[in-house]
Amino acid sequence: MTTTELETPHGPARVSLHSADQGVAALLLGHGAGGGIDAPDLVAVARAACAADVHVALVEQPYRVAGRRAPAPAKQLDAAWLAVAEQLAATTFDELPLVFGGRSSGARVACRTAEAGGAEAVLCLAFPEHPPGRPEKSRQHELDAVAVPTLVIQGERDPFGKPRPGPHHEIVTVRGDHGLKADLDAVSRAASEWLTRVLRPLVS
């Protein structure tokens, strides 16, 4: 693993790079609103991706690098993410297919930026369909707007709700809640199988 800082319009972001043996593609993973890249599900998926020959970049948003716990506004998160993705695509991951992903808030960022960032697919961990107890505040439109293959891995007891499947996205439900810690093996397996399947036509 190597760690580097990349400049964004809203301060430096920190990127932890995990290299696969061959590296047929690259997966960028963002963290949740109040957490970091050491979340158990992010760590599990990063390991599974590397084992599936996919490089991984775990991206810490500038507000976390600056020591703040309160997340930045969505537009700032998206701009910082795209700046990191553009730099990685031009250097470390040159010409490799890119998959955007993340947990919770990071999953929303991945969905909102997939088209602008040229992502070939999107991997969502614990997509926050709505705030707890507020189903009328749905974020389903962010998921529905993604036009590339998308996987959502969701805990069966997630208080943030469960998004609906759609033409471009599939939902895998696992034991547990929003933290996805109850069955990390199931999370890893779902991510690995999906990555292998969606990337096969891109790298063959």
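Computed from a prediction, not measured in an experiment: that's the story for all the values here.

## Description of the pattern of salt bridges
Enumeration according to the criterion identifies nine salt bridges in this entry. Here Asp78 and Arg112 are joined by a salt bridge, their closest N and O atoms 2.9 Å apart. Of this pair, Asp78 sits in helix α3 (residues 74-90) while Arg112 sits in helix α4 (residues 105-117), and the two are 34 residues apart along the sequence. Residue classification places Asp78 among the buried positions, given a relative accessible area of 14%. A residue is classified by how much of its surface remains accessible, and Arg112, at 27% relative accessible area, is partly exposed.

## Notes on the packing of aromatic side chains
The tally for this structure, following the rule as stated, stands at one aromatic pair. Ring plane angle 90 degrees and centroid distance 5.6 Å describe the contact between Trp81 and Phe100, whose orientation is recorded as edge-to-face. A residue pair is termed long-range when its members are at least 10 positions apart, and Trp81 in helix α3 and Phe100 in strand β5 (residues 98-103) qualify at 19 residues. Phe100 matches Trp81 in its accessibility class, with the two residues each being buried.

Parameters and conventions
- Starting from 1, residues in each chain are numbered consecutively following that chain's sequence as written.
- Residues qualify for local features only when their pLDDT is at least 70, as the model is predicted, and side-chain atom pairs are given and counted only at 80 or more; totals for whole chains, interfaces and linings, by contrast, use all residues.
- Only hydrogens and water are set aside; all other atoms, that is, all heavy atoms of the structure, feed into the side-chain values.
- Note on definitions: salt bridges are taken to be side-chain nitrogens of Lys or Arg within 4 Å of carboxyl oxygens of Asp or Glu.
- Comment: elements are numbered from the N terminus, with helices defined as DSSP H or I runs of at least four residues and strands as E runs of at least two.
- Burial classification: accessible surface area is computed with a 1.4 Å probe over protein chains only, and a residue below 20% of its type maximum counts as buried, one above 50% as exposed, and the rest as partly exposed.
- Think of it this way: a Phe, Tyr or Trp ring, Trp meaning its six-membered ring, pairs with another when their centres are within 6.5 Å, and the plane angle makes it stacked under 30 degrees, edge-to-face over 60, tilted otherwise.

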